[in-house]
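Reading the structure
The primary structure of each chain is shown beneath.
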Amino acid sequence: MRKQCRKSSGKRRSTWRSSLTPIAFMAPGLLGTVIFVLLPFADVIRRSFYASVVGTWRGFENYRVVFENSAFRKALQNTLRFELCCLPLLVILGFLAAYLLTRGRHPEPVKTLFLVPMAIPAVVVALVWKMVFGHGGFLGQLLNKPEGFMENPGAFGVLVFSYLWKNLGYTIVLWIAGIAALPSGMFEAARVDGAGETAILRKILLPNLKGVLYTITVLSFLNSFKVFREAYLVAGAYPQEDIYLLQHLFNNWFVRLEMDKLAAAAVCLGIVLFAVILLFRHFWDREEEL
Amino acid sequence: MKSIWEKIEFWVSWGFFLSAGILFCFPVVMILSGSLMSPQELLQHLETLLNNTEGTVSFSLLPFYPTGEHYVRLLLFTPQFYIVFFNSLKLTGCILLGQLLIAVPGAWALSVYRFPLRRQLFTMYVTLMLLPFQVTMLSRYLVLDRLGLMNTHWALILPAVFSTFPVFLIYRSFYGLPKELFEAARVDGAGEWKVFFHVGMPLASEGIFSAMVIGFLEYWNMIEEPLVFLENQTLWPLSLYFPELRPDNVGTSFAASVITLIPPLFVFLLGQDYLEQGIAASAIKQ
């Protein structure tokens, strides 16, 4: 009897608590996020409807100007092309390498080597890339192209390479962690039942790795925007047109104080990213109770 | 007795991983050897880059006449270097401390408690985390200007402390913990704070630590924010120290690069185990 009473009062207490405590834990962070991220973004949305210096109401005029701007179109096209190229390449290559690694027995230092590119500062990387891909660089000597790769469409390949170089190791480690966490009993049972390696791969390994895939995809997407740093350091604010990304454009608009266009384009990008996240969530919602 | 296929797989994968290792690490080796080369040798190798002339770049793994003069010049005769180094340390340290205080409780609340709008809030956090700097830089500039924080280190520290990225990383660590543990602690009379601090945090410590390591690597290499928000060059971090490459400062640039490399590599090697365990824990727990 007494035990039942205690249980029911405990539940009531924790329901009351559970509406107050999360607020206590989240409040400082939320407040800061609102001040430093949300409120300003709201102001950017407001600004996207006005002219930058004069302050007159422009309605959707800024948006129209942005969409008709050829630099914006080119940057958008390049950024999309980069994302569609790199994300699948990174995720798949990472998986293949991780799969190979987990099948054999390899020493720990291999993993350390893979993570080194993440630790190298962007300035250092940029310097080396100039030496390898620039005008008169090593790759140019090897392939008999003295003008290098930064001033022709090959620059896109350099960008892709830079991204893969920096993030492949990290991706491999994530995949390995995911694969290693699966109970080996599953695989043993399948092998005993006579399943071949390909069948094991397709029917057991892959379906169980969906959670890892989600984390890897989100992180790789996040890191794909950071490639701007190396690009800027190697090729400057106005690089070869195939690697002129949205970030370059925004940066240049900012420097030239063309805030109205910047605001409109920023709002558009925010909307697109939000839609992408919703898409991700839709795919993974069935697996996770986020 | 290994089959022939197993032997082939072994050698192929060894070859693959060895070449991958070389590919990933060669920049470090190049910078290291470049920092020990005399200016004349550097000029000879890199003339075409530095003077923008026709020609080819060359390099060698071992300097012909190794010299420590760049390090001497940098560490003994360039006080600005110490200032920038200290700036980087200060910025990174303050940001990580702040993130610890703000993001960890936030991630705890999102993962452990059920409250209205929780999922929407989390979606918003993830979206905010993905916005590249260029999208928010205008708004940040406006807020920082209004708050009078432009041209101070706070302009970099405060927005980073409230970043939603560590919340995302640490969330997954807390999410995978068994709820029964918390219930047991509550039944034993622990208040919510105690549950968080004495039960939740220790269990998720690997994930928290790995988020800190990633954060260190991120903020040590911060470039866009200081460039835009810090006009005063004495406030600049190490990542912005590198001037335009000219024949007379190439060697010091290399030496400075090596020194810039050391803290991240150090943190990274120390934290590697935690990083992997934290990644594993946060990646697979659903």
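Described in the following lines is the structure provided in the data block. Keep in mind that what you see is a predicted model, and the values were worked out from it rather than measured.

Right, let's get into the overall build of chain A. Secondary structure summary: chain A contains 13 helices and zero strands in total. In chain A, the order of α-helices and β-strands from amino to carboxyl end is α-α-α-α-α-α-α-α-α-α-α-α-α. Considering chain A as a whole, with its 290 residues, one finds that 53% of them fall into the buried category. Once local pairs closer than 6 in sequence are excluded, the contacts in chain A between residues at least 24 apart make up 69%. When the accessible surface of chain A is totalled, it reaches about 14100 Å², and 66% of it is carbon and sulfur.

Counting secondary structure elements, chain B contains 13 helices and zero strands. Along chain B, helices and strands appear, N-terminal first, in the series α-α-α-α-α-α-α-α-α-α-α-α-α. Taking 286 residues into account, the globule formula puts the C-alpha radius of gyration at 19 Å, and chain B, at 24 Å, lies well above it. The principal-axis extent of the C-alpha atoms belonging to chain B is close to 75 × 70 × 35 Å. Per-residue burial over chain B gives 56% buried out of 286 residues. Sequence separation of at least 24 residues holds for 74% of the intrachain contacts in chain B that already meet a minimum separation of 6.

Moving on, we come to the pattern of salt bridges. Here the structure, examined in full by the defined rule, presents 13 salt bridges over all chains. Two residues, A:Glu230 and A:Lys166, come together in a salt bridge whose shortest N-O distance is 3.2 Å. Pair noted here: A:Glu230 is in helix H11 (residues 227-235) and A:Lys166 is in helix H7 (residues 154-180), with a separation of 64 residues, a long-range link. Residue A:Glu230 shares its accessibility class with A:Lys166, and that shared class is buried. Across the pair B:Glu218 and A:Arg229 runs a salt bridge, and its minimum N-O distance is 3.1 Å. You can see B:Glu218 sitting in helix H11 (residues 205-220) and its partner A:Arg229 sitting in helix H11, one on each of two chains.

Another point: helix H12 (residues 246-255) of chain A. All names here are of chain A. For H12, the buried fraction is high: nine of the ten residues fall into the buried class. Of all the positions in H12, only Leu246, Gln247, His248, Leu249, Phe250, Asn251, Asn252, Trp253 and Phe254 are classed as buried. Once H12 ends, the next one or two residues include Leu257, with phi positive near 60 degrees.

A few words on the packing of helix H4 (residues 79-112) of chain B against helix H7 (residues 154-161) of chain B. All names here are of chain B. At their nearest, the axes of H4 and H7 sit 8 Å apart, and the two run at 30 degrees to each other. Put simply, H4 runs roughly parallel to H7. Every pair of crossing elements has a handedness; the one defined by H4 and H7 is right-handed. Residues Leu91, Cys94, Ile95, Gly98, Gln99 and Ile102 of H4 form the contact with H7, whose own contacting residues are Leu156, Ile157, Ala160 and Val161.

Attention shifts here to the packing of aromatic side chains. Aromatic ring pairs are defined here through the distance separating the ring centres and the angle between the ring planes. Under the counting rule described, the total for this entry stands at 37 aromatic pairs over all chains. Seen in terms of ring centroids, B:Phe133 and B:Phe229 are 5.9 Å apart; in terms of plane orientation they differ by 80 degrees. Their pairing is edge-to-face. Taken as a pair, B:Phe133 in helix H6 (residues 133-146) and B:Phe229 in helix H12 (residues 224-229) lie far apart in primary sequence, 96 residues in all. You'll find B:Phe133 and B:Phe229 in the same group, each marked buried. Put simply, the rings of A:Phe25, B:Trp108, B:Phe174, B:Phe182, B:Trp193, B:Phe196 and B:Phe197 pair up and form one aromatic cluster. Of note, A:Arg81 hangs over the ring of A:Phe156, and the distance from its end group to the ring centre comes to 3.9 Å.

Reading the values: rules and limits
- Residues numbered from 1 in each chain as written.
- Chains lettered and ligands numbered in written order.
- Predicted model: local features only at pLDDT ≥ 70, side-chain atom pairs only at ≥ 80, totals over all residues.
- Heavy atoms only, no water.
- Helix = DSSP H or I, 4+ residues; strand = E, 2+ residues; numbered from the N terminus.
- Buried < 20%, exposed > 50% of the residue type's maximum accessible area, 1.4 Å probe, protein only.
- Contact = heavy atoms within 4.5 Å.
- Areas by Shrake-Rupley, 256 points an atom, 1.4 Å probe, with all protein chains shown as cover.
- Rg over C-alpha atoms; globule rule 2.2 N^0.38 Å.
- Salt bridge = Lys/Arg side-chain N within 4 Å of Asp/Glu carboxyl O.
- Axes fitted to C-alpha atoms, helices over the stretch in contact; angles between N-to-C directions.
- Parallel < 35°, antiparallel > 145°, perpendicular 65-115°, else oblique.
- Left-handed = near helix turned anticlockwise from the far one by under 90°.
- Phe/Tyr/Trp six-rings, centres within 6.5 Å; stacked < 30°, edge-to-face > 60°.
- Lys NZ or Arg CZ within 6 Å of the ring centre and 35° of its normal.

Treat this as a map of the structure, not an account of what it does.
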